[in-house]
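Given next are the chains, with one letter for each unit.
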Amino acid sequence: MIRRMSRKHLLAGLAAAGVLGVGIAAPTVALADHKSPSPTPSASTSTDQGTDRQQQRADRQAEFAESLAKELGVPTDKVTAALEKLREQRQADRPERPSTGDRQAALKDRLDQAVKDGKLTQEQADAVLKAAEAGVFPGPGGHGPRGGDGRWGR
């Protein structure tokens, strides 16, 4: 037996779906924006650009908090405080990054093991280590994605 849905029930269902969608999408967008890697400025980048970028990000976050507060019907300061609390919790949960020296020492250990296992020659291992110390490889302090000028992977 097929029942017809009244217009009232249909609108209530759509409204509930909309609220649920915003409730799920808004934090996801906030976290996605926060997770997106910000390129590391290269040595040639002026501090003005960095300050500009930080200001633009702060403006976007404030705009997002305002929109979210308006949509949820709560004060903007409460939304801003909640988002900041979530950022701080995520920051506290994030493991501390090893120092450059620790990363290079770990790389040297892996290269030494590869030489011992016969996978690399000592000359190859030395070349890889030299390249890593020169910042050739991607990563913080290096060139390429998430390092250097940050142009890759956008």
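Scroll up to find the structure this text is about.
Residues numbered from 1 in each chain as written. Predicted model: local features only at pLDDT ≥ 70, side-chain atom pairs only at ≥ 80, totals over all residues. Heavy atoms only, no water.

Visitor: Outline the overall build of the chain, supporting the account with residue identities and numerical values.
Guide: Per the secondary structure count, the chain includes 5 helices and 0 strands. Reading the chain from its N terminus to its C terminus gives the helix and strand order α-α-α-α-α. Across the 154 residues in the chain, those meeting the buried criterion constitute 14%. Expressed as a percentage of contacts within the chain between residues at least 6 apart in sequence, the contacts between residues at least 24 apart total 46%. Roughly 12400 Å² of accessible area belongs to the chain as shown, and the carbon and sulfur atoms make up 57% of that amount. (Helix = DSSP H or I, 4+ residues; strand = E, 2+ residues; numbered from the N terminus. Buried < 20%, exposed > 50% of the residue type's maximum accessible area, 1.4 Å probe, protein only. Contact = heavy atoms within 4.5 Å. Areas by Shrake-Rupley, 256 points an atom, 1.4 Å probe, with all protein chains shown as cover.)

Visitor: If you had to explain the packing of helix α4 (residues 100-116) against helix α5 (residues 122-133) to someone new, which residues and values would you point to?
Guide: It is the contact of α4 with α5, at a shortest axis distance of 9 Å, that shows an interaxial angle of 165 degrees. Here α4 lies roughly antiparallel to α5, going by the angle between them. Considering the relative orientation of α4 and α5, their crossing is right-handed. Listed contacts from α5 to Gln104, Leu107, Lys108, Leu111 and Val115 of α4 are Gln122, Ala125, Val128, Leu129, Ala132 and Glu133. Class assignment for the residues of the contact of α4 with α5 results in 7 nonpolar, 2 polar and 2 charged. (Axes fitted to C-alpha atoms, helices over the stretch in contact; angles between N-to-C directions. Parallel < 35°, antiparallel > 145°, perpendicular 65-115°, else oblique. Left-handed = near helix turned anticlockwise from the far one by under 90°. Nonpolar A, V, L, I, M, F, W, Y, C, P; charged D, E, K, R; others polar.)

Visitor: Describe in detail the pattern of salt bridges, supporting the description with residues and values.
Guide: The final tally for this structure, using the stated rule, is 2 salt bridges. Glutamate 84 serves as the salt-bridge partner of arginine 87, at 3.1 Å between the closest nitrogen and oxygen. With a gap of 3 residues between them, arginine 87 and glutamate 84 both fall in helix α3 (residues 76-93), about one helical turn apart. Aspartate 112 is paired through a salt bridge with lysine 108; the nearest N and O atoms lie 3.5 Å apart. You can see aspartate 112 and its partner lysine 108 sitting in helix α4, 4 residues apart, about one turn around the helix. The class of lysine 108 is partly exposed, set by a relative accessible area of 39%. (Salt bridge = Lys/Arg side-chain N within 4 Å of Asp/Glu carboxyl O.)

Visitor: How would you explain α4 if you had to name every residue and give the values?
Guide: Look at α4: 24 Å from first C-alpha to last across 17 residues, which is about the 24 Å you get at 1.5 Å a residue. Listed as buried for α4 are Leu107, Leu111 and Ala114. With its buried residues spanning 55 degrees around the axis, α4 presents them on a single face. What points out from α4, more than 90 degrees from its buried face, is the exposed set Asp109 and Lys116. Buried residues along α4 sit in contact with α5. (Expected span 1.5 Å × (residues − 1). Arc of directions from axis to C-beta.)

Visitor: Which residues make up the environment of alanine 131, and what values do they have?
Guide: Take alanine 131: it is sitting in helix α5. Judged by relative accessible area, alanine 131 falls into the buried class, the value being 19%. Excluding anything up to four places from it in sequence, alanine 131 contacts Val136 and Phe137.

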